[in-house]
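Coordinate inspection notes
In case you want the letters, here they are:
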Amino acid sequence: MRAEGDRYQVVALGVGSSVDALVRQAQEFRPQVVAIADAARRAEVAAALPFVQVVDDLADLVEPADVVVNGVVGFAGLPVTMRTLQLGRRLALANKESLIAGAPIVQPLRATPGAELVPVDSEHCAVHQCLRSSAFADREVARIVLTASGGPFRGRTSAQLADVGVEQALAHPTWKMGPKITIDSSTLMNKGLEVIEAHELFDVDYDRIEVVVHPQSVVHSMAEFTDGSTLAQLSLPDMRLPIGYALAYPARIGTPFGRIDWAQLGRLDFEAPDIATFRCLALAYAAGRQGGTAPAWLSAANEVAVDAFLQGGIRWHQIAEVNDEALQRYAPTPQSTVADIIDADAAARRCAAAIIGKVRSS
Ligand code: MG
């Protein structure tokens, strides 16, 4: 917004409990309405922003907007995703879980007149850009290749990872992100969820979605077409590019956030992911192939497991163990209503919590 302020106006802002950031940003960008989900801190916000309407539901921010950037963490982003599509607005989606878990109910909403989903996830933003090169992408895409930085633990063995702590898992080599997604990057669950996300976004089956580790995070993903041509999107790793892309599409913003210096870049490396050490990637493929509420189930179990790790309740390698056992305990559940999806999410959380209790006492 700072870079392209004459092109866009912030009409609404919302947070969970980050009052300071909300107040600072509202003072700078002057939205009409703000939302704070944490009820205990609402009075503080209202006092600091006397001329702004304060609401409690993030989904109530959608109405005045042309584009909604959904950057909520986890399943909690589902209502914003749904309301945006229901109102026929453009959804700039950074909250992958709402699409992954909510696919059975979110996908039909994409047909709402005016509704449009433009991914903010850097890999899917890259694929979105590559697919624009084909007027017949629905039948000419042979393969989607998602790149993964490999996270902070790339190249380490299971034995070397037995005792890693929260701070090490939070030290991502190339991207600066929130704690949940950074832990997901360290386990490769983030990439697994992105495989499901790519399947849902681009309607490409799982056999044609591959993951390759690319530690420089310059190639953000690729699309291979039926004639063997591969197109890739390259840029320096900065989330402002995908956000700007989703705002401006089909145009492009006028501000580059860094340019590649080809003479300095030197090399781009690619390697196969170590799926024996980083088991979450295969779990996500398995949940995606099962379909239905299985992705919702795995994603919810993973949220609980990551939270337990961040709180010091389980060890890093146990995140995958919890997810694995939770997925083994999954049995298909109804998926036609919002309540069905919320039930599946809640049941998966209870399941994961029970497994974590067992893991901790063993
Ligand atoms: Mg990503």
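Note that the structure is predicted; figures quoted are calculated from it, not measured.

Here we look at the overall build of the protein chain
Assigned secondary structure in the protein chain consists of 15 helices and ten strands. Compactness check: the protein chain gives a C-alpha radius of gyration of 20 Å against a globular reference of 21 Å for 362 residues, within 12% of the reference. In terms of principal-axis extent, the alpha carbons of the protein chain reach across some 55 × 50 × 40 Å. Counting only residues that meet the buried cut, the protein chain has 52% of its 362 residues in that class. Partitioning the contacts of the protein chain with sequence separation of at least 6, the portion at a separation of at least 24 is 66%. Entry remark: accessible area of the protein chain is about 16,300 Å², with carbon and sulfur atoms responsible for 51%. For the protein chain, the distance from the average position of its 32 positive side-chain charges to the average position of its 42 negative side-chain charges is 3 Å.

Concerning the coordination of the magnesium ion
The magnesium ion binds to the protein through Asp121 (OD), Glu123 (OE) and Glu194 (OE); the donor distances cover 2.0 to 2.1 Å. Overall, the relative accessible area of 1% leaves Glu194 in the buried class.

Points about the pairing of strand β7 (residues 141-148)
Counting buried residues along β7, six of its eight residues qualify, which places the element largely inside the surrounding structure. Relative to strand β9 (residues 219-225), β7 runs antiparallel, the two being bridged by five bridges. The residue bridging Leu146 from the neighbouring strand is Ser221, located in β9. Pairing geometry for β7 and strand β8 (residues 209-213), over five bridges, is parallel. Considered in β8, the bridge of Ala148 is made with Val213.

Details of empty space enclosed by the protein
This structure, assessed with the given rule, holds one cavity of 30 Å³ or more. Roughly 40 Å³ of internal volume is contained in the largest cavity. Surrounding the largest cavity, Ser122, Trp175, His220, Gln233, Ser235, Leu236, Asp238, Leu241 and Pro242 form its lining. Classifying every residue of the lining of the largest cavity gives four nonpolar, four polar and one charged.

Quick notes on the side chain of Thr147
On the secondary structure map, Thr147 appears in strand β7. By relative accessible area, which is 5% here, Thr147 ends up buried. Looking at Thr147, its side chain comes within polar contact range of the main-chain oxygen of His220, at 3.1 Å. Beyond its immediate chain neighbours, meaning those up to four positions away, Thr147 contacts Glu123, Lys191, Val212, His214, Val219, His220, Ser221, Met222 and Phe270.

Things to note about the environment of Arg208
Following the sequence through the fold, Arg208 ends up in the loop between α9 (189-202) and β8. You can call Arg208 partly exposed: its relative accessible area is 26%. Residues within four places of Arg208 in sequence aside, it is in contact with Val141, Ala142, Arg143 and Ile144.

Some words on unusual backbone geometry
Of the consecutive residues Tyr249 and Pro250, the connecting peptide bond is found in the cis state with omega at 10 degrees. Tracing the chain through its elements places Pro250 in the loop between α10 (240-248) and α11 (262-265). Phi at Asp203 is positive, roughly 55 degrees, even though this residue is not glycine. Tracing the sequence through the fold places Asp203 in the loop between α9 and β8. A relative accessible area of 65% places Asp203 in the exposed class. The backbone phi angle of Ser217 is positive, close to 50 degrees, even though this residue is not glycine. Relative to the helices and strands, Ser217 resides in the loop between β8 and β9.

Let's talk about helix α8 (residues 179-187)
Along an α-helix, residues three or four positions apart point the same way, because every turn accommodates 3.6 residues. Counting buried positions along α8 yields seven of nine residues, so the element is predominantly enclosed. Restricting attention to buried positions, one finds in α8 the residues Lys180, Thr182, Ile183, Asp184, Ser185, Ser186 and Thr187. Backbone geometry just downstream of α8 places Leu188 in the positive-phi region, at approximately 70 degrees.

Looking at the sheet that holds β8
Ordered by their spatial adjacency, four strands build an open sheet running β8-β7-β9-β10, and the pairing between neighbours is mixed. Edge strands, defined here as strands with exactly one partner in the open sheet, are β8 and β10 (230-234). Each neighbouring strand pair of the sheet contributes to a mean axis angle of 20 degrees, computed without reference to strand direction. Together, β7, β9 and β10 form the strand contacts of helix α5 (residues 122-131), whose direction differs from that of β9 by roughly 40 degrees. Lying on the sheet, α9 is in contact with β7 and β8; it crosses β7 at an angle near 150 degrees.

Thresholds applied
Residues numbered from 1 in each chain as written. Predicted model: local features only at pLDDT ≥ 70, side-chain atom pairs only at ≥ 80, totals over all residues. Heavy atoms only, no water. Helix = DSSP H or I, 4+ residues; strand = E, 2+ residues; numbered from the N terminus. Rg over C-alpha atoms; globule rule 2.2 N^0.38 Å. Buried < 20%, exposed > 50% of the residue type's maximum accessible area, 1.4 Å probe, protein only. Contact = heavy atoms within 4.5 Å. Areas by Shrake-Rupley, 256 points an atom, 1.4 Å probe, with all protein chains shown as cover. Lys, Arg positive; Asp, Glu negative; His and termini not counted. Charge placed at Lys NZ, Arg CZ, Asp CG, Glu CD. Donors = N, O, S within 2.8 Å, 3.2 Å for Na, K, Ca; no water. Pairing = 2+ DSSP bridges. 1 Å grid on protein atoms, 1.4 Å probe; cavity = no way out; pocket = protein on both sides within 12 Å on 5 of 7 lines; lining within 4 Å. Points joined across faces, edges and corners; volume = space filled by probe spheres on them. Nonpolar A, V, L, I, M, F, W, Y, C, P; charged D, E, K, R; others polar. Polar contact = N/O pair within 3.5 Å; in protein donor to acceptor, adjacent residues only side chain to side chain. Axes fitted to C-alpha atoms, helices over the stretch in contact; angles between N-to-C directions.

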